[in-house]
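What the coordinates show
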Amino acid sequence: MNTQNSKNAFQQAVKHIPGGVNSPVRAFKSVGGNPLFIQSAKGSKITDIDNNEYIDYVASWGPMILGHSHPDVIEALHQTALKGTSFGAPTLIETEIAELICDMIPSIESIRMVNSGTEATMSALRLARGYTKRDLVIKFEGCYHGHGDSFLIKAGSGALTFGTPNSPGVTKGTASDTLTAEYNNLDSVLNLFREYEDQIAAVILEPVTGNMGVVRPTDEFIKGLRKACTENGTLLIFDEVMTGFRVAKGGAQEILGITPDLTTLGKIIGGGLPVGAYGGKKEIMEHLAPNGPIYQAGTLSGNPMAMTAGLVTLKKLHETPDFYEKLEEKAAFLCNGLQENLNKLNFPGVINRVGSMFTLFFTNEKEVNNFSDVMKCDTDLFAKYFMLGLESGIYTAPSQFEAGFISIAHSTEELQKTIDASYRALEQLK
Ligand SMILES: *Cc1c(COP(=O)(O)O)cnc(C)c1O
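Residues numbered from 1 in each chain as written. Predicted model: local features only at pLDDT ≥ 70, side-chain atom pairs only at ≥ 80, totals over all residues. Heavy atoms only, no water.

Comments concerning the UniProt feature "modified residue: N6-(pyridoxal phosphate)lysine" (unreviewed entry) in the chain
The positions UniProt marks with the feature "modified residue: N6-(pyridoxal phosphate)lysine" (unreviewed entry) are Lys267. Tracing the sequence through the fold places lysine 267 in the loop between β9 (262–265) and β10 (276–280). With relative accessibility at 25%, the residue lysine 267 sits in the partly exposed group. For lysine 267, the residues in contact, after removing those within four places along its chain, are Trp61, Gly62, Pro63, Val241, Met242, Gly272 and Val275. (UniProt positions renumbered as here; feature names shortened; annotations may be inferred. Helix = DSSP H or I, 4+ residues; strand = E, 2+ residues; numbered from the N terminus. Buried < 20%, exposed > 50% of the residue type's maximum accessible area, 1.4 Å probe, protein only. Contact = heavy atoms within 4.5 Å.)

Here is the structure:
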């Protein structure tokens, strides 16, 4: 496969962009390759600047649940652009999308739009601290909540991939306000509640993780968190930036049957444009400016382009009959095929999947349920598998510690092609 244009483009990019990329994992560093520069994408396919076509399981890291450049999204964006791209004043579409989100996720009664998932979690945390008048937050090892200072403590995703879960530049003061616990270990949380009685503003987690790979919470863990937060006057924040509208119409909270106090959103709600949001109980949200004293603002927040792409996407998810059933079928088909490959070749590995999010962990363990299980994975083996995938036209996230995403545009034929390519790769690696 010829990727010379991408190689040249990368050499140019590094001259004026740190590491040649605007978000670290894109650099392919952990798999030792050269990133592919993308010229276009349509449906389930993505095309690099050497005209190689790949079946895409990155989906822009989650947002593209309808597939790339969905004609309805593009047409709506075109119409909106003709009327002006930003006013910094209220528009009707903001109310419309807020109503729809509150309808789809009942725990959200009131919602504020921001421009990224990072902004959503930072703002939700400030709200939780201002509301509870407490400083401390509990997060979980391997969970990623964007690059806000408070969250770059034992963080997942790129921070984990590059071995910088605790980033330099975060002050000691900020770091000491973040307590970390173990995912799927309720006692590790209860101990912190005992030790820091009446000081914990919020517990934040990915209610199904994607940023250390896909891990599902146990029933005991998630129910225990809800109970402990209620008993201690602590807000439970579900960071559903990845899982929102992804694992179910109502997000992870729907499938888990748990009502958080606040929810953060991003990725899919922007339909491929930069959007984040946070929302929850009206009583809490009313503490935000201009009604309350907790300040948060944004020049481009709720801008018409982003709201348009988000609204058209969410309407499709809401109104297409059996959308999530169909997506589930596709995801199950792919992951069953991948599992059969492992079985046939007697290849050690664990596939975790929730809805259309999945991870193939290269591990000798039988299950992957927490951060320490994840850390036992063979990242060198993953890197080789990743490269073999690319060579057969399969584009996946260039890190073991990420989720793969299936869109509604992935055809059975493409999924089968992926299963076959995976089989050949595993056979070669055995
Ligand atoms: C992607 C992600 C974020 C950060 O969102 P950005 O838009 O990249 O800032 C936060 N939390 C979770 C769970 C995410 O998956």
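A short note on the environment of leucine 338
Within the secondary structure, leucine 338 sits in helix α12 (residues 323–345). Between the C-alpha atom of leucine 338 and that of aspartate 177, which follows or precedes it by 161 residues, the distance is 42 Å. For leucine 338, the contacting residues outside a window of four places in its chain are Ile351, Phe358, Tyr385, Ile419 and Ser422.

Things to note about the site of the ligand
Around the ligand lies a shell formed by Ser116, Gly117, Thr118, Tyr144, His145, Gly146, Glu206, Asn211, Asp239, Val241, Met242 and Lys267. Asparagine 211 has a polar side-chain atom sitting 3.0 Å from an oxygen atom of the ligand. In terms of residue class, the shell around the ligand is built from three nonpolar, six polar and three charged. (Near = heavy atom within 4 Å. Polar contact = N/O pair within 3.5 Å; in protein donor to acceptor, adjacent residues only side chain to side chain. Nonpolar A, V, L, I, M, F, W, Y, C, P; charged D, E, K, R; others polar.)

With respect to the pairing of strand β4 (residues 110–114)
On a regular strand, each side chain points to the face opposite its neighbour's, so the side chains alternate between the two faces of the sheet. For β4, a buried count of four out of five residues is recorded, marking the element as mostly surrounded by other parts of the structure. Two elements, β4 and β10, share five bridges in a ladder whose sense is antiparallel. Note on β10: the bridge partner recorded for valine 114 is glycine 276. (Pairing = 2+ DSSP bridges.)

Quick look at the layout of surface pockets
Size it by volume and the second largest pocket reaches roughly 440 Å³. Lining the second largest pocket are 23 residues, with Glu94, Arg112, Met113, Ser301 and Gly302 positioned closest to its centre. Counting residues per element, the ones that place at least two in the lining of the second largest pocket are α3 (92–104) and β4. (1 Å grid on protein atoms, 1.4 Å probe; cavity = no way out; pocket = protein on both sides within 12 Å on 5 of 7 lines; lining within 4 Å. Points joined across faces, edges and corners; volume = space filled by probe spheres on them.)

Notes on helix α8 (residues 219–232)
Each turn of an α-helix holds 3.6 residues, which means side chains three or four residues apart point in the same direction. Relative to the 20 Å expected for 14 residues at 1.5 Å per residue, α8 spans 20 Å between its end C-alpha atoms, a close match to the ideal helical length. Within the span of α8, buried status applies to Phe221, Ile222, Gly224, Leu225, Arg226, Ala228, Cys229 and Asn232. Next to the buried residues of α8 lie β5 (136–140), α7 (186–195), β7 (200–205), β8 (235–239) and α9 (251–256). (Expected span 1.5 Å × (residues − 1).)

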